[in-house]
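Coordinate analysis (summary)
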There are 4 protein chains.
Amino acid sequence: MVLAGLDAELGWIRDVYSDLHRHPELSLQESRTSKLVEERLAAFGYSVTRIGGTGVVGVLENGRGRAVLARADTDALPVAEATGLPYASEVDGVMHACGHDMHVSALLGAAKLMAHGRNAWSGSYTVLFQPAEEVGAGSKAMVDDGLVAKVPRPDVAFAQHVMPIAAGMLATTAGPVLSAADSLRITVYGKGAHGSMPHMSVDPVVLAASIVLRLQTIVSRETKPGDFAVVTVGALNAGTTSNIIPDRARLLVNIRTYDNDVRATVLAAIERIVRGECFSAGSPREPDFEFYDQFPLTNNDPAVTDKVTAAFAAHFGSGAVVRASRQTASEDFSRIPDAFGVPYTFWLLGGVDPALYKAALAKGTVAKDIPANHSPYFAPVIDPTLSIGVQAHVVAALSYLAEGR
Amino acid sequence: MVLAGLDAELGWIRDVYSDLHRHPELSLQESRTSKLVEERLAAFGYSVTRIGGTGVVGVLENGRGRAVLARADTDALPVAEATGLPYASEVDGVMHACGHDMHVSALLGAAKLMAHGRNAWSGSYTVLFQPAEEVGAGSKAMVDDGLVAKVPRPDVAFAQHVMPIAAGMLATTAGPVLSAADSLRITVYGKGAHGSMPHMSVDPVVLAASIVLRLQTIVSRETKPGDFAVVTVGALNAGTTSNIIPDRARLLVNIRTYDNDVRATVLAAIERIVRGECFSAGSPREPDFEFYDQFPLTNNDPAVTDKVTAAFAAHFGSGAVVRASRQTASEDFSRIPDAFGVPYTFWLLGGVDPALYKAALAKGTVAKDIPANHSPYFAPVIDPTLSIGVQAHVVAALSYLAEGR
Amino acid sequence: MVLAGLDAELGWIRDVYSDLHRHPELSLQESRTSKLVEERLAAFGYSVTRIGGTGVVGVLENGRGRAVLARADTDALPVAEATGLPYASEVDGVMHACGHDMHVSALLGAAKLMAHGRNAWSGSYTVLFQPAEEVGAGSKAMVDDGLVAKVPRPDVAFAQHVMPIAAGMLATTAGPVLSAADSLRITVYGKGAHGSMPHMSVDPVVLAASIVLRLQTIVSRETKPGDFAVVTVGALNAGTTSNIIPDRARLLVNIRTYDNDVRATVLAAIERIVRGECFSAGSPREPDFEFYDQFPLTNNDPAVTDKVTAAFAAHFGSGAVVRASRQTASEDFSRIPDAFGVPYTFWLLGGVDPALYKAALAKGTVAKDIPANHSPYFAPVIDPTLSIGVQAHVVAALSYLAEGR
Amino acid sequence: MVLAGLDAELGWIRDVYSDLHRHPELSLQESRTSKLVEERLAAFGYSVTRIGGTGVVGVLENGRGRAVLARADTDALPVAEATGLPYASEVDGVMHACGHDMHVSALLGAAKLMAHGRNAWSGSYTVLFQPAEEVGAGSKAMVDDGLVAKVPRPDVAFAQHVMPIAAGMLATTAGPVLSAADSLRITVYGKGAHGSMPHMSVDPVVLAASIVLRLQTIVSRETKPGDFAVVTVGALNAGTTSNIIPDRARLLVNIRTYDNDVRATVLAAIERIVRGECFSAGSPREPDFEFYDQFPLTNNDPAVTDKVTAAFAAHFGSGAVVRASRQTASEDFSRIPDAFGVPYTFWLLGGVDPALYKAALAKGTVAKDIPANHSPYFAPVIDPTLSIGVQAHVVAALSYLAEGR
């Protein structure tokens, strides 16, 4: 009933998608996108609020019943588009290379259908357009700006992400599906000196090297075999010339975990090791630790996931719904349901031309042939991806809001 | 006899010094300085040749006898002067912070005196003004440009350097006085990957860290205890963000030695260790080794040094001549006598106000109170430094050219 | 039917158990045990063969049908028993501290019941008593001695192990249940010298230390996050006095994996790292690698496991059968079915007094309060452990041999 | 005058030497040697005292004048002699492989000559026979037993050591001639666990490996280039089997320095590094540091050395006296003059057949062809070594005691 009008709506939804794709905006600068979203939601009859700078929430109250929140992220990436698409980015060096334009368009489509089809359900439907997912800052900004007080408390929350799997497919999984991720900037201090006078120095290059080797033991010795933990020193920078011993070194560390206890253990071990190595080195100053780009664990509620998965299977056919494997990537969506203390599920939306995907799968060249998220060649097919994305949101929402009707 | 006219000359020598100090020129860009030197030498009656770009050589033939070559270096440093002197640098960010302006002025003064006093000696006197000492490139450039074929082969070569010791003092020593120095850019290769997928990478940060720790063993285990060897990793740079494993790391290494066998052993050990560590890491590509800024050992000939030291003591008084300790610094002067295959000596010229020096010595604050070479506050006193610098060159030259007269 | 006579048999089975417990025999020395087993099997009507030294196989042919092989391991450990039990070990320093006496007794009981109840099934039942499981050598010895040619090829193989879970319980799991384990003795060579003359040496202590740190990167960087891999350097020994640099170092490494590809990757990485580090060190001789105490992966066949689990649930009640978690321990059982190329399942048999277990579980002190395998206090309760162990073997065998009857 | 009777004495001196060589005694077990020395000294007219267990001191008072102390060390080594000499060791596994038997015999000879020639000098002559030099314990034992109170305070002290240089030669040097040496037993603590459960452990093997690599930086980065410092980890022992993570590791470290400030810096750095690494590892217990086998710096007084060197040159000819280079070895002699607060000199006595030495020198095979101290082939030639050793002690003593006569 609700989805009956979908075909009639797809025209403007595709236009919104192309428009957003042409005008990508970096994290925390999503002003054009926010304005577009606000105008549409208002036109659909949602009561619209700006939260957390460029965040937008629309609420549709529709009588007694449960409350559902659906979220889309809105920001683009500092990537120079290389797809050659007719609707390619018109902003130099910025691209919707992670498909958030697809998320926004699909959720707007769902919002319209839910508003139009309100006779078929009751309760409240909240659509949340979150900025700055890429830097892990947007959901926090919205929560910090009073999200919980400003919108109805949902009973359940949903989000989806377009991924390099066949378009037409949805992938769900109960439990952890995206890792927690933390970035940590560590600065350790030595004492500079001329390169020929090491005895006058405390050498931060040697100190940083020791830290890097010692950090390896967190995964190899302090983590239970088989538990998921990654400690990557993605950048180590110290000094600029050969003959000057610098006075500090900077390490950028990325930590991925799938369990909050493991995460706490890893973070504590990093700090312990860095402090111990600084002591060994005779470092003249305590190290600095600055966390940034932190993403929480995405841990799908089993009951919600089972319910939504069943609804997907009923609507799309069970062949269209697969079990998602754990992703190494991260998301900041879960901070929103966590702020309300409510369960959630996050599913994956296929975006690759099915024939292309099948051929690559047969040749074993998926990783090579299909541009993944963040690639300058990332290009989900509009059809049927957009349509499936709209339907998935509607089906998930109705599984809670149309029950018993 | 030759030195009799010194007082009358000091006026213009001081003016040249102030002028050069006001107009410092970076390595390989010493065109104004070269022009000034050429004009003066021509006026003194020297036959003048441009060699190696901004290098200038003046030759004064004066009958039968031995041949002496005296060298001054001419370049300045990328340092912003902070002395507040009336004749401070007028070039932003460039300064004669190593005293080469003193070397040029003093050698021009000696050239004039030697020309004027030619009745008192016989043979040939060659004055060589070498560019680009600071980057270890100037003496090589002159040799590569045919120096040996273009000027008379000397019997002996001299150079001096102003240092933070009391003005009025000279310091000499037989044997090694300045270290050999080599800079080495090492690039090691890994395989990049997302920070959450270390198993898809060959991590060059871990590889570089292992190299840094392993390089320590060259001095600690492979060098004879008490031998002089320094292996400094002055810079280690890999990666720019926390969540991307980069595909390479770059190390800038500085090596200082006082013995060519030790140097050869150290360089071979560095290469062996880097290759071994790349193998351990499963590096997909051989490392790159690029040497730059190389300075040869300055190894004073004992006989020449003894002769010159004795002449200094006779002229200045034995209290004014001390034994120089080994310096950790390096120079490229020795490539010039080495190109001819002739012995040389390199001495140090005091440049600090003697009262200031004495007070600092008494308080044990020489290192703290007296700005050393390369400091933005480096400021040798003009008197008596310039005069002593002129005399030292004349006395040294005459010890070979006036003998037996 | 087959199990109907169990109660009447338990007396002698308990006696066998106590007797074996009193007379433990170390790996490859299980002669008394083998003789006892041979005599009993012959008395039950099995055709008995000695294979692989102290290995014993009994075959009971019983008409057309499938073939089942059940295995028990027979050796004890070099542990001094501290249980104070009335039937404690009478052999100094040797103890059945891993419960193999329970495995032998239960399988003898099952053999008797299967022989006695042969009307209730058809096919062949082979019971295999394997020596030297503790050192990973017994199954290999039997296979090398021609096991495959000497006994009927089974359709399926079974083994069980008594563990510190509540007696009365069985734990099963499909897929990997026990890790592959490899021990590796690595000897790396340096060059000895007096401690005051490191430059005359190649220091194997520094070399070994580098290897240890580098080996950490196999798990931290080369293994997919979440995959199970352990690389433990359990022993590092080099030198005996402070002032002599030794000429070699020995590392004993233990590797645990749950996947043969991961295992191959880890072993290759160890060799690559050790060779690379020896090269870095300038080692005068190639390192030695000697594998010992190797255990294969125990990877339960899903179909077999499901069938047996269902049979257990039907017989013992579903509350008595739990899902086994992956164990860090290892076993050499799987070499036997692998030699035949047939599927198998390996299950865990509870051995702890249920009241005690429940109390410890409630207090969270299971690890502390209940002596685990290899402890000098390890003491499974005889009842109901023995009875359950007998029944489990019979139920598993009949699930294949009594089908359709 | 004093030396006039030497030839007549050489017979018994040679016999004593052969006798001592046949009957070597290990450190702190020199009872037979002490008895022999006591009897001889008493027979020569010395007043004899036992000090520090097996230490013996003989004092000869001879009127007013200065006081000289001469010391010989008496212990042998746990080395199995392989020389095949007619007077080879008769004690299995024990050998005078460091020539202390030569030191004892020569000093006994000098004692006899000084007593017999007492008309030629005045003052006091003390001969001290010190045990346990090899383990750095003997001089300390004598000082601790009240040496300073029991014998006359000398004005100067002497010792000599036979070395692999040509017999007939003496080598002297002012300033540091033998290094300070310290042995240090470090125990670091982890937490044991099964090899498959690293997360339950604190791995002391990884901890020890990190310490070894970090200790390298003391020489490479914290010691002034060209200063003498050695930090050798001669032994690293942890664990005994591959699959048990041990709970501790033991490192035996040897430290050699030539300057007390450098020594203090190195020792402090070792402790700092070990504590820092234990912190990094999360070690559950502070590390233990136990010093043993400590040898002080042997730092010859310049004035004493010059005086004795001049006396040697006058007596033996200047061609027979060379400048000793710094030795990497150590001695505990200096604790004796240091206990009195008096200056000393320690010289080297040539012990190699001069023709053999000359030939090896010409071929560049001294290190290979001539067995050095501690070798099972060490065999100084008796003549002229013994005679020169006697004369050296007498000449040195008379340079203080016969002055002005």
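Residues numbered from 1 in each chain as written. Chains lettered and ligands numbered in written order. Predicted model: local features only at pLDDT ≥ 70, side-chain atom pairs only at ≥ 80, totals over all residues. Heavy atoms only, no water.

Notes on the relation of the copies chain A and chain B
For clarity, the cut-off: In this comparison the copies share one frame, found by least squares on the C-alpha atoms of residues holding pLDDT of at least 70 in both. By definition in these notes, contact holds between two residues if any of their heavy atoms fall within 4.5 Å.
With an RMSD of 0.1 Å, the operation that places chain A on chain B is a rotation of 180° combined with a shift of 0.0 Å along the axis. Both copies of the chain, as the preceding transformation shows, are related through a two-fold rotation axis. Taken together, the interface assignments show that 100% of the residues at the interface of chain A recur at the interface of chain B, consistent with an identical surface on both copies.

Notes on the UniProt feature "binding site: Mn(2+)" (unreviewed entry) in chain A
Residue and element names in this part refer to chain A. Test applied: UniProt positions are given in the numbering used here, feature names are shortened, and annotations may be inferred rather than shown by experiment. Labels follow the DSSP assignment, with helices taken as runs of H or I lasting at least four residues and strands as runs of E lasting at least two, numbered in each case from the N terminus. A simple rule labels every residue: compare its accessible area, found with a 1.4 Å probe on the protein chains alone, to the largest value its type can have, and call it buried under 20%, exposed over 50%, or partly exposed in between. Two N or O atoms form a polar contact when they lie within 3.5 Å of each other; inside protein one atom must be a possible hydrogen donor and the other a possible acceptor, and for residues adjacent in sequence the pair counts only when both atoms belong to side chains.
Within the UniProt annotation, "binding site: Mn(2+)" (unreviewed entry) is assigned to C98, H100, E134 and H161. The greatest C-alpha distance among the residues just named is 12.7 Å, despite their covering 64 residues of sequence, which places them together in space. Looking at the element boundaries, C98 is found in the loop between β3 (67–73) and α3 (100–116). With a relative accessible area of 7%, C98 lands in the buried category. Look at E134 and you get buried, because its relative accessible area is 16%. Those residues in contact with E134, other than ones at most four positions away along the chain, are S27, D75, A76, L77, C98, H100, F295 and H374. For E134, the side chain forms a polar contact with the side chain of H100, separated by 3.4 Å.

Section: the interface of chain C and chain A
The criterion, for reference: Buried area is a sum: the accessible area each of two parts loses on coming together, probed at 1.4 Å, counted once for each and added. The term salt bridge refers to a side-chain nitrogen of Lys or Arg lying within 4 Å of a carboxyl oxygen of Asp or Glu. Each residue receives one of three labels: charged for Asp, Glu, Lys and Arg, nonpolar for Ala, Val, Leu, Ile, Met, Phe, Trp, Tyr, Cys and Pro, and polar for the others, Gly being one of them.
Tallying the contact residues gives 14 residues for chain C and 14 residues for chain A. Contact with chain A buries area across many residues of chain C, yet Q216(C), R221(C) and P225(C) alone supply 39% of it, more than any other trio. Where chain C packs against chain A, one counts 0 salt bridges. Connecting chain C to chain A are 6 residue pairs in polar contact (both at pLDDT 80 or more). It is helix α6 (residues 204–222) of chain C that provides the largest number of residues to the side of chain C that touches chain A, a total of 6 residues. Split into classes, the residues belonging to the side of chain C that touches chain A amount to 7 nonpolar, 5 polar and 2 charged.

So, the side chain of S89(B)
Residues and elements named next belong to chain B. Tracing the backbone shows S89 in the loop between β3 (67–73) and α3 (100–116). Overall, the relative accessible area of 18% leaves S89 in the buried class. Only 2.7 Å separates the side chain of S89 from the backbone oxygen of V94, close enough to count as a polar contact.

Quick notes on the interface of chain A and chain B
At the interface, 35 residues of chain A touch 35 residues of chain B. Together chain A and chain B conceal approximately 2,700 Å² of surface at their shared face, both sides included; 59% is due to carbon and sulfur atoms. For the interface between chain A and chain B, the tally reads 0 salt bridges. Remark: the boundary between chain A and chain B carries 8 residue pairs in polar contact (both at pLDDT 80 or more). Where the side of chain A that touches chain B is concerned, the elements lending two or more residues are α6 (204–222), β10 (229–238), β11 (244–245) and β12 (248–257) of chain A. Residue contributions to the side of chain A that touches chain B peak at 8 residues, all from β10(A).

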